[in-house]
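# A closer look at the structure
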Amino acid sequence: MMILQLYLTFLKIGLFGIGGGYVMLSLIEREIIEVQGWLTLAEFVDILAIAEMTPGPISINAATFIGYTTAGFWGSAFATAGVITPSIILVLLVATLLKKFYQNKWVQAAFSGLRPAVISLIAGATIFVARTALIDISSILIALTAFALLVFTRLHPILVLLLSAVAGIFLNIY
Amino acid sequence: MKNNSLLLLFLTFFKIGATTFGGGYAMLPIIKREVVERHEWLSDEEFVDALAVTQSLPGAIAVNSSIFIGHKVRGIVGALIAMFGSVLPSFFVILIIAIFFARFTEYPMVQAAFAGIRPAIAALIAAAVLKVGRPVMKKRLNLLLVALFLLLSQVFSIHPMVIIVLGIAVGLLLFRLKEQPESEVDPQ
């Protein structure tokens, strides 16, 4: 029963988490801490730190972690399945419809306005993240170097991430 | 050469999922490199449109875009394979952490590495604006719209969903005006 409840709770979180990870966080906080009581606030903060330091979307990280701590392996599998179920259904639905109507002139018109809107949201995210991540000289230095490498060289972005991690270790430990 | 095999689809999104730190936007340069430049599964414009769709729907951008791109390459099976590729790395990493070392974030070495990764994430997102935005912002009208939408979201705190709806409305409106020859508005 616990496993079903985990699945349904995370399904709800996945369904209403429009607008990326940070919207999901407030949903998770309400559903998991206040409604279900599966976590304390301190544990929730731990999960945030772990989610930030591991690959993958925050919603998946949180579902896997909370699922495991409440009901073991199957808990983590079902919680993760729950949070991605709405994505599978809705994205496939829209992708199938779009395949049919992508060349329609009104659909194309809608996309011509959507494109600048999407770029503006990414630009907005840059400002938000830069404000929290660029806190001292070494972080500003790393950000500028990484940006130059990404824009002016053909270095793979994954390699730039690795180099930045090494730079962080050197600047902060040695 | 274009290779559409399911194995390549899985491996590509597994690689993307394993290196996605700092949320959906930071991985855009990685996805674009793999999906547009390397495997040529999508064109520049199709990539921006895929982002527009995946952003407008609930769910994580990384998961949604893997489903959308997988569907484009190999239909429903491709969508599911790409999704598993993008989700499995984070599932297993978190599972291992939950089982063995829930306090791994307290190791000084881990913290120092992330002191380097965090600013790099800001750089990745800034680079995404240039890399994804360049083909779009070639048109002066689009550049103007980007600036306008950015102003609305940053200065007036308009919700991202409202920005998306506004974008659709502006696109339809401009098209409507262009359709009427007597109109004095000249888009582009």
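Residues numbered from 1 in each chain as written. Chains lettered and ligands numbered in written order. Predicted model: local features only at pLDDT ≥ 70, side-chain atom pairs only at ≥ 80, totals over all residues. Heavy atoms only, no water.

### As for the overall build of chain A
Convention followed: Counting from the N terminus, the helices are the DSSP runs of H or I reaching at least four residues and the strands are the DSSP runs of E reaching at least two. Two things to know: the radius of gyration comes from C-alpha atoms, and the globule rule equals 2.2 Å times the number of residues to the power 0.38. In this scheme, a residue with accessible area under 20% of its type's maximum is buried, one over 50% is exposed, and one in between is partly exposed, where area comes from a 1.4 Å probe on protein chains only. Any two residues whose heavy atoms approach within 4.5 Å are treated as being in contact. Note on areas: Shrake-Rupley, 1.4 Å probe, and residue coverage restricted to the protein chains presented here. When charges are counted, Lys and Arg are positive and Asp and Glu negative, with His and the chain ends excluded. Charged side chains are reduced to one point each, which is NZ for Lys, CZ for Arg, CG for Asp and CD for Glu.
Within chain A one finds seven helices and zero strands. Relative to the 2.2 N^0.38 estimate, which gives 16 Å for 174 residues, the radius of gyration of chain A is 20 Å and therefore markedly larger than a compact globule would have. Each of the three principal axes of chain A carries a C-alpha extent, and together these read 55 × 50 × 25 Å. Residue burial in chain A is summarised as follows: out of 174 residues, 48% are buried. The long-range share in chain A, meaning contacts at least 24 apart out of those at least 6 apart in sequence, stands at 44%. Summed over all atoms, the accessible surface of chain A reaches about 8,300 Å², with 72% contributed by carbon and sulfur. Here chain A holds 8 positive side-chain charges and 7 negative ones, and the gap between their average locations is 27 Å.

### A few points about the overall build of chain B
Helices and strands together make up the secondary structure of chain B, namely seven helices and zero strands. The secondary structure elements of chain B, listed N-terminal to C-terminal, are α-α-α-α-α-α-α. For chain B, the C-alpha atoms occupy an extent of roughly 70 × 40 × 25 Å along the three principal directions. The buried share of chain B, taken over its 188 residues, is 52%. Of the contacts formed within chain B by residues at least 6 apart in sequence, a portion of 56% connects residues at least 24 apart.

### Details of the nonpolar core
Quick note on the threshold: Buried Ala, Val, Leu, Ile, Met, Phe, Trp, Tyr and Cys residues that are joined via side-chain atoms within 4.5 Å together make up what is termed a nonpolar core.
Ranked by internal contacts, the top residues of the largest apolar core, which has 107 residues, are Phe-10, Ile-66 and Ile-122 of chain A together with Leu-28 of chain B. If we skip the residues at most four places from it in the chain, Ile-122 of chain A touches Tyr-25, Leu-28, Leu-51, Ile-125, Ala-128 and Val-129 of chain B.

### Digging into the domain arrangement of chain A
For clarity, the cut-off: Residue ranges labeled as domains rest on an automatic or database domain assignment.
Each assigned domain of chain A is listed with its residue range as follows: domain 1 (2-101) and domain 2 (105-173). The C-alpha-based centres of domain 1 of chain A and domain 2 of chain A are spaced at 25 Å.

### Observations concerning the packing of helix H6 (residues 140-155) of chain B against helix H7 (residues 160-179) of chain B
The angle between the axes and the distance between the axes are what describe a pair of packed helices. Residues and elements named next belong to chain B. Rule in force here: Working convention: axes come from line fits to C-alpha atoms, limited for helices to the stretch in contact. Angles between N-to-C directions cover 0 to 180 degrees. Here roughly perpendicular refers to angles of 65 to 115 degrees, roughly parallel to angles under 35, roughly antiparallel to angles over 145, and oblique to all remaining angles. Should the near helix be turned anticlockwise from the far one by less than a right angle, the crossing is termed left-handed; should it be turned clockwise, right-handed. Under the scheme applied here, ten amino acids are nonpolar (Ala, Val, Leu, Ile, Met, Phe, Trp, Tyr, Cys and Pro), four are charged (Asp, Glu, Lys and Arg), and all others, including Gly, are polar.
Their axes nearest at 11 Å, the elements H6 and H7 cross at an angle of 150°. The angle between H6 and H7 falls in the class roughly antiparallel. Crossing geometry of H6 relative to H7 is assigned as right-handed. Every residue of H7 that contacts H6 at Leu-141, Leu-145, Phe-149, Leu-152 and Ser-153 is listed here: Ile-163, Leu-166, Gly-167, Val-170 and Leu-174. Per-class residue counts for the contact of H6 with H7 are eight nonpolar, two polar and no charged.

### A word on the environment of Val-48 of chain B
You can see Val-48 of chain B is positioned in helix H3 (residues 44-56). The class of Val-48 of chain B is buried, set by a relative accessible area of 1%. Taking the C-alpha atoms as reference, Val-48 of chain B lies 15 Å from Lys-139 of chain B; in sequence the two are 91 residues apart. Setting aside residues up to four positions removed in sequence, Val-48 of chain B forms contacts with Arg-115 of chain A together with Val-132 and Val-136 of chain B.

### Some thoughts on the interface of chain A and chain B
Rules: Once two parts are brought into contact, the accessible area they lose, counted with a 1.4 Å probe and summed over both, makes up the buried area. Each reported salt bridge corresponds to a side-chain nitrogen of Lys or Arg within 4 Å of a carboxyl oxygen of Asp or Glu. Think of a polar contact as two N or O atoms within 3.5 Å of one another; within protein, one of them needs to be a possible hydrogen donor and the other a possible acceptor, and neighboring residues in sequence only count if both atoms come from side chains.
With 80 residues of chain A in contact, the opposing surface of chain B contributes 93 residues. Here chain A packs against chain B, burying approximately 8,000 Å² in sum over the two surfaces, 79% of which is carbon and sulfur. Across the contact surface, chain A and chain B share four salt bridges. The residue Arg-154 of chain A makes a salt bridge to Glu-37 of chain B at a minimum N-O spacing of 3.4 Å. At the boundary of chain A and chain B, one finds nine residue pairs in polar contact (both at pLDDT 80 or more). Elements that contribute at least two residues to the side of chain A that touches chain B include exactly helix H1 (2-16), helix H3 (41-53), helix H4 (58-101), helix H5 (105-133), helix H6 (137-152) and helix H7 (157-173) of chain A. At 24 residues, H5 of chain A tops the list of elements feeding residues into the side of chain A that touches chain B. Residue composition of the side of chain A that touches chain B, grouped by class: 53 nonpolar, 21 polar and six charged.

### Description of unusual backbone geometry
Residue and element names in this part refer to chain B. Although it is not a glycine, Glu-40 adopts a positive phi angle of roughly 55°. Along the chain, the position of Glu-40 falls in the loop between helix H2 (28-38) and H3. Of note in this structure, Ser-157 is not a glycine but carries a positive phi near 50°. Counting through the fold element by element, Ser-157 comes out in the loop between H6 and H7.

### Section: the packing of aromatic side chains
Threshold: Only rings of Phe, Tyr and Trp enter the pairing, Trp through its six-membered ring, and a pair is recorded when the two centres are within 6.5 Å. The plane angle decides the type: under 30 degrees is stacked, over 60 is edge-to-face, the rest tilted.
Evaluated as defined, the whole model comprises eight aromatic pairs over all chains. A ring pair is formed by Phe-73 of chain A and Trp-74 of chain A, whose centres lie 5.1 Å apart and whose planes are at 80°; its orientation type is edge-to-face. A relative accessible area of 53% places Trp-74 of chain A in the exposed class. The structure contains a cluster of three or more aromatic residues connected by ring pairs, namely Tyr-7, Phe-73, Trp-74 and Phe-78 of chain A together with Phe-91 and Phe-92 of chain B.

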